[in-house]
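# Structure assessment
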Amino acid sequence: MIDAVVLVLSVGATVLTVWGLVAARRGRAPGRAMLWTGAGLELLLLGQAAVAVVLMATGSGPVGSTVLFVSYLATVVCVLPLAVWWASAERDRWSSAVVAVAAFTVAAMVLRLWDVWRGGVQIGGPGG
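Residues numbered from 1 in each chain as written. Predicted model: local features only at pLDDT ≥ 70, side-chain atom pairs only at ≥ 80, totals over all residues. Heavy atoms only, no water.

## Description of the packing of aromatic side chains
Under the convention used in this document: The pairing test for Phe, Tyr and Trp rings, Trp by its six-membered ring, is centres within 6.5 Å, and the orientation test on the planes gives stacked under 30 degrees, edge-to-face over 60, and tilted for anything in between. Helical segments are the DSSP runs of H or I of at least four residues, strand segments are the runs of E of at least two, and each set is numbered from the N terminus. For every residue, the accessible area obtained with a 1.4 Å probe (protein chains only) is divided by the maximum for its type, and the residue is called buried under 20%, exposed over 50%, and partly exposed between those limits. Sitting over a ring, as applied to charges here, requires NZ of Lys or CZ of Arg to be within 6 Å of the ring centre and within 35 degrees of the ring normal.
Within the structure shown, the criterion is met by one aromatic pair. Taken together, a centroid distance of 5.1 Å and an interplanar angle of 50° make the contact between Phe69 and Trp117 tilted. Taken together, the residues span a long stretch of sequence, with Phe69 in helix H3 (residues 66–89) and Trp117 in helix H4 (residues 93–118) at a distance of 48 residues. Of the residues examined, Trp117 reaches a relative accessible area of 10% and is grouped as buried. The ring of Trp94 carries Arg93 above its face, with NZ or CZ at 5.4 Å from the centroid.

## Quick look at the packing of helix H1 (residues 3–25) against helix H2 (residues 32–57)
Convention followed: Throughout, an axis means a line fitted to C-alpha atoms (over the contacting stretch in the case of helices), and angles, computed between N-to-C directions, take values from 0 to 180 degrees. Working definition: roughly parallel below 35 degrees, roughly antiparallel above 145 degrees, roughly perpendicular at 65 to 115 degrees, and oblique for all remaining angles. Each helix crossing is assigned a hand: it is left-handed if the near helix lies turned anticlockwise from the far helix by less than a right angle, otherwise right-handed if that turn is clockwise. Throughout, a residue-residue contact means that at least one pair of heavy atoms, one from each residue, lies within 4.5 Å. Each residue gets one label: Ala, Val, Leu, Ile, Met, Phe, Trp, Tyr, Cys and Pro are nonpolar, Asp, Glu, Lys and Arg are charged, and the others, such as Gly, are polar.
Relative to each other, H1 and H2 sit at 155°, their axes nearing to 10 Å. The orientation of H1 with respect to H2, classified from their angle, is roughly antiparallel. When the axes of H1 and H2 are compared, the crossing they make is left-handed. Facing H1, whose interface residues are Val5, Val6, Val8, Leu9, Gly12, Ala13, Leu16, Trp19, Gly20 and Ala23, H2 presents Ala33, Met34, Thr37, Gly38, Leu41, Leu44, Leu45 and Gln48. Looking at the contact of H1 with H2 residue by residue, the classes come out as 13 nonpolar, five polar and no charged.

## Digging into the environment of Leu45
Positionally, Leu45 belongs in helix H2. With relative accessibility at 3%, the residue Leu45 sits in the buried group. What Leu45 contacts, discounting residues up to four positions off in sequence, is Leu9, Val76, Val77, Leu80, Val106 and Val110.

## Concerning the side chain of Ser10
The condition that has to hold: Nitrogen and oxygen atoms within 3.5 Å of one another constitute a polar contact, given that in protein one can donate a hydrogen and the other can accept it, and given that sequence-neighbouring residues count only through two side-chain atoms.
Along the chain, Ser10 turns up in helix H1. With relative accessibility at 10%, the residue Ser10 sits in the buried group. Here Val6 takes part through its backbone oxygen, which lies 2.8 Å from a polar atom of the side chain of Ser10.

## Considerations on the environment of Gly31
Topologically, Gly31 is positioned in the loop between H1 and H2. On the basis of relative accessibility, which here comes to 33%, the residue Gly31 falls in the partly exposed class. Distance in space between the C-alpha atoms of Gly31 and Arg91 is 9.1 Å, their sequence separation being 60 residues.

Next up, the structure:
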């Protein structure tokens, strides 16, 4: 995984989370800019996923559990498209909240992916 992309994704998803929460609090549906920001983050996620797959195929995959990493990777690339689809279909304040929750989920999952890639804490591993 590319560390700089992890940083950009984490910060971008956090900004989108706050943006969605503020819009929901103000009773506003997500605007085009919010949805395009989600789409941009998704493109970065797909690029990061492609890099990770290539690295795993060439033998330099995650230090942690490969199964856990692939599970997180397959899930994280689905979260934002589903939220943006929902937000586009239902144009109300709650769709802004959906985008916020999805963005928060992406931020958390990207950090967890990075942790597993580096060999961080493994659930169900030795000693746990």
